[in-house]
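# Report on the structure
Here is what each chain is made of, one letter per residue.
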Amino acid sequence: TKFAKLFAMPPKEVALRNVPFAGVKRSLLLSPLLLLVELLYIVLVNLAFLVKSCIPNGGHCPRVLRIQDIPYKVLLVILQYMYNCLEEIDENMLMDVFKASKVYGMTSLHNDCFQHLKSMIDLNNVGRFLELADQVGDDALYTSCVYFCAGNWEAMTRAASLGSLSKQHPAVAKKTTADVMSLMSKQGGKQF
């Protein structure tokens, strides 16, 4: 209670009347005491925030982050891209990295993957890329594939890629065919 009285009383010599060390000058007594009180306050506030941050998780601080929806190698490529500005991505993992970058909102990585995929479109893989664009919901890749199909329609009708797409994903194949026909009709039946 004497400690509380010290801070509650007016800041004159009256404040030191009933306090031990009353003979000590006020500035010598209060400076280290206030410093100690402020230091304790800072420590307690930080400790309270630390404890409070652990409570929503059942009282336990999370020590492990589990990412189970993407393969380890893809996550490693994403981390290398984030921290080392990875410029080349292995073509074997490109489609998986493209999916993960879309899911996690990594726009620059997604755009880099898109540019690389766009440059790789050919008769053999256009079906897989159309399937990927449908899975991820990427309009830019889908549009690039549709323009490729429109520019190579005769070869596309004979290609195995479109045939396997129509067997595995008939809705995507039907939509692609309709979009290619619409695009070609706007151009007067000409291929791109």
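Residue numbers run consecutively from 1 along every chain, following the written order of its sequence. Only residues with pLDDT of at least 70 get local features here, since the model is predicted, and only at 80 or more are side-chain atom pairs given and counted; chain-wide, interface and lining totals rely on the full set of residues. The basis for every side-chain value is the complete set of heavy atoms in the structure, and neither hydrogens nor water enter the calculation.

## Brief notes about the packing of aromatic side chains
Ring pairs are drawn from Phe, Tyr and Trp, using the six-membered ring of Trp, whenever the two centres fall within 6.5 Å, and their geometry is named by plane angle: stacked under 30 degrees, edge-to-face over 60, tilted for the rest. Tallying each qualifying case throughout the model produces zero aromatic pairs. Here, a charge over a ring means that NZ of Lys or CZ of Arg falls within 6 Å of the ring centre while also lying within 35 degrees of the ring normal. Taking the ring centre of tyrosine 142 as reference, the NZ or CZ of lysine 175 above it sits at 4.1 Å.

## A word on the pattern of salt bridges
Definition used for salt bridges: Asp or Glu carboxyl oxygen within 4 Å of a side-chain nitrogen of Lys or Arg. Counted according to the given criterion, the structure contains one salt bridge. Its salt-bridge partner being lysine 102, residue aspartate 138 comes within 3.9 Å of it at the nearest N-O pair. Linking aspartate 138 in the loop between helix H6 (126-136) and helix H7 (139-151) with lysine 102 in helix H4 (residues 94-103), this pair joins segments that are 36 residues apart in sequence. Strands here are runs of E lasting at least two residues and helices are runs of H or I lasting at least four, both read from the DSSP assignment and numbered beginning at the N terminus.

## Brief notes about the confidence of the model for the chain
In this model, the chain carries a mean pLDDT of 75, and residues with pLDDT of at least 70 account for 65%. Element-level mean pLDDT values for the chain span from 47 in helix H1 (residues 2-8) up to 93 in H7. In predicted models, pLDDT denotes the confidence assigned by the predictor to each residue on a 0 to 100 scale. We call two residues in contact whenever any of their non-hydrogen atoms come within 4.5 Å of each other. Counting interchain partners and residues more than four positions distant, the pLDDT-below-50 stretch residues 1-9 has 13 contacts. Here residues 24-29 scores under 50 on pLDDT; set against residues more than four positions off or in separate chains, the count is seven contacts.

## As for the side chain of serine 101
Mapped onto the secondary structure, serine 101 falls in helix H4. Serine 101 has contacts with Met106, Leu109 and His110, leaving out every residue within four places of it along the chain.

## Remarks on the nonpolar core
Of all hydrophobic cores here, the largest spans 39 residues; its most connected members are Val97, Phe98, Leu109, Val126, Leu130 and Leu141. The set of elements that each furnish at least two residues to this core consists of helix H3 (72-84), H4, helix H5 (107-120), H6, H7, helix H8 (153-158), helix H9 (160-168) and helix H10 (170-186). Take this core: its biggest share by element is seven residues, from H7. Among residues more than four places away in sequence, those in contact with valine 97 are Val74, Val77, Ile89, Leu109 and Cys113. What is meant by a nonpolar core is a set of buried Ala, Val, Leu, Ile, Met, Phe, Trp, Tyr and Cys residues, joined one to another through side-chain atoms within 4.5 Å. Three exposure classes are used, based on accessible area relative to the maximum for each residue type with a 1.4 Å probe and protein chains only: buried under 20%, partly exposed in between, and exposed over 50%.

## Brief notes about a nonpolar patch on the surface
The grouping of Ile67, Val103 and Tyr104 at the surface amounts to a nonpolar patch, some 270 Å² of accessible area in total. On the secondary structure map, valine 103 appears in helix H4. On the accessibility criterion, valine 103 (60% relative accessible area) is exposed. To count toward a patch, a residue needs a relative accessible area above 30% and no salt bridge. Like charges then connect within 9 Å, nonpolar side chains (Val, Leu, Ile, Met, Phe, Trp, Tyr) within 5 Å. Accessible surface is estimated by sampling points in the Shrake-Rupley manner with a 1.4 Å probe; for residues, cover comes only from the protein chains shown.

## With respect to H7
The end-to-end C-alpha distance of H7, which contains 13 residues, comes to 18 Å, matching closely the 18 Å that a straight helix rising 1.5 Å per residue would cover. Burial in H7 covers these residues: Leu141, Tyr142, Ser144, Cys145, Val146, Phe148, Cys149, Ala150 and Gly151. Residues of H7 that are buried sit in contact with H4, H5, H6, H8 and H10. For H7, the capping residue at the N-terminal end is aspartate 138, with a side-chain oxygen 3.4 Å from the backbone nitrogen of alanine 140. By definition here, a helix of n residues has an expected span of 1.5 Å times n minus one. Two N or O atoms count as a polar contact when they lie within 3.5 Å, although within protein this holds only if one can serve as hydrogen donor and the other as acceptor, and sequence-adjacent residues are included solely when both atoms are side-chain atoms.

## A few points about the packing of H4 against H6
As a rule, the C-alpha atoms of each element are fitted with a line to give its axis, helices using only the stretch in contact, and angles between N-to-C directions run from 0 to 180 degrees. Remark: H4 packs on H6, axes separated minimally by 10 Å, with the N-to-C direction vectors making an angle of 20°. The orientation of H4 with respect to H6, classified from their angle, is roughly parallel. Helix-helix and strand crossings are classified by hand; for H4 and H6 the assignment is right-handed. Facing Met95, Phe98, Lys99 and Lys102 of H4, the residues of H6 in contact are Arg128, Phe129, Leu132, Gln135 and Val136. Under the grouping applied here, Gly and all other residues not named as nonpolar or charged are polar, the nonpolar ones being Ala, Val, Leu, Ile, Met, Phe, Trp, Tyr, Cys and Pro and the charged ones Asp, Glu, Lys and Arg. Among the residues making up the contact of H4 with H6, the classes are represented as five nonpolar, one polar and three charged. Orientation labels follow simple angle bins: below 35 degrees gives roughly parallel, above 145 gives roughly antiparallel, 65 to 115 gives roughly perpendicular, and whatever is left gives oblique. Crossings are sorted by hand: turned counterclockwise from the far helix by less than a right angle, the near helix makes the crossing left-handed, and turned clockwise it makes it right-handed.

## Overview of the environment of valine 172
Mapped onto the fold, valine 172 is located in helix H10. Separated by 39 residues in sequence, valine 172 and alanine 133 have C-alpha atoms that sit 9.6 Å apart. In this structure valine 172 touches Leu130, Asp134 and Leu165, once residues within four positions along its chain are discounted.

## Let's talk about the side chain of asparagine 125
Looking at the secondary structure, you find asparagine 125 in the loop between H5 and H6. One polar contact links the side chain of asparagine 125 to the main-chain carbonyl oxygen of methionine 120, over a distance of 3.0 Å. In this structure asparagine 125 touches Met120 and Ser161, once residues within four positions along its chain are discounted.

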